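So you can see what is in the structure, the chains are spelled out below.
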Amino acid sequence: MEKMTLNIKNMVCDRCEMVIETALTALGLEVDHVQLGKAEVTRKSDKPSMHEIEKELERFNFGLIKDDESVVVEKVKTTLIKWIDSGELESDVTSLSDHLAKNLTKSYATISRVFSRKEEITIEKYFIRLKIEKAKELVEYGNQSFSEIAYQLGYKNLQHLSRQFKEITGMSMSDYQKLQDSDRKSLDKI
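Residues numbered from 1 in each chain as written. Predicted model: local features only at pLDDT ≥ 70, side-chain atom pairs only at ≥ 80, totals over all residues. Heavy atoms only, no water.

Draft legend 1. Here's a closer look at the overall build of the chain. Within the chain, the secondary structure is distributed over nine helices and four strands. Mapped in sequence order, the helices and strands of the chain form the string β-α-β-β-α-β-α-α-α-α-α-α-α. C-alpha extents for the chain along the principal axes are approximately 60 × 40 × 30 Å. Of all 190 residues assigned to the chain, the portion counted as buried reaches 43%. A separation threshold of at least 6 residues defines the contact pool for the chain, and within that pool the share at least 24 residues apart is 61%. Accessible surface, the chain: about 10800 Å² in total, of which carbon and sulfur atoms supply 46%. (Helix = DSSP H or I, 4+ residues; strand = E, 2+ residues; numbered from the N terminus. Buried < 20%, exposed > 50% of the residue type's maximum accessible area, 1.4 Å probe, protein only. Contact = heavy atoms within 4.5 Å. Areas by Shrake-Rupley, 256 points an atom, 1.4 Å probe, with all protein chains shown as cover.)

This is the structure we're talking about:
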């Protein structure tokens, strides 16, 4: 019996965790725990091989992370997604750098350097893109005013969100709201 930690990329939600658990169990692994970005499993023999595990994950658009820097990048992504989804951005006075340094237990300078090198985008720009995708989702739901959305996403005012929204999408939030066919991106494609 071999206990393993599988670092998995492209996990962005609770459903991803369920898919991963189901896929790994179907391969004959005993799944101890799954969370965004990783799975703790026990392999009872040399089957399935790491190649078979990787192929099964790729079938669902996930993948194994093999190097330490990629693990850091994936942790940044999952930490930021969880933070946005928590709905606590508006009340959290923690800065982006402090939040990541605390959650990854590494210096922000190291985290930022690795992320920028691997992803070819700064963490700040990635975080803005995530928030804009969340804003699109909230606009589509239509349950909140634009000001409420801005506040929920940690913006000091609606103008700041509106400016970033237009910069990234090429349209105003009002124009986006009028669209019949949205152009939201899957979080793993940001």
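Draft legend 2. Spotlight on the packing of aromatic side chains. Taken as a whole, this structure holds three aromatic pairs when the rule is applied. The side chain of Lys 131 reaches across the aromatic face of Tyr 155, ending 4.2 Å from its centre. (Phe/Tyr/Trp six-rings, centres within 6.5 Å; stacked < 30°, edge-to-face > 60°. Lys NZ or Arg CZ within 6 Å of the ring centre and 35° of its normal.)

Draft legend 3. Inspection of the sheet that holds strand β4 (residues 63–64) at higher detail. Taken together, the four strands give an open sheet; going across it, the order is β2-β3-β1-β4, and neighbouring strands pair in antiparallel fashion. Both edges of this open sheet fall to β2 (30–35) and β4, since each of them pairs with a single strand only. The pairing of strand β1 (residues 2–9) with strand β3 (residues 38–43) spans six bridges and is antiparallel. Bridge pairing in β3 links Glu 2 to Arg 43. (Pairing = 2+ DSSP bridges.)

Draft legend 4. Representation of the packing of helix α3 (residues 68–85) against helix α5 (residues 108–119) in the model. At a closest axis distance of 9 Å, the pairing of α3 and α5 adopts a crossing angle of 100°. Here α3 lies roughly perpendicular to α5, going by the angle between them. Here Glu 69, Ser 70, Val 72, Val 73, Val 76 and Lys 77 of α3 come into contact with α5, specifically with Ile 111, Val 114, Phe 115, Arg 117, Lys 118 and Glu 119. Taken together, the residues that form the contact of α3 with α5 break down as six nonpolar, one polar and five charged. (Axes fitted to C-alpha atoms, helices over the stretch in contact; angles between N-to-C directions. Parallel < 35°, antiparallel > 145°, perpendicular 65-115°, else oblique. Nonpolar A, V, L, I, M, F, W, Y, C, P; charged D, E, K, R; others polar.)

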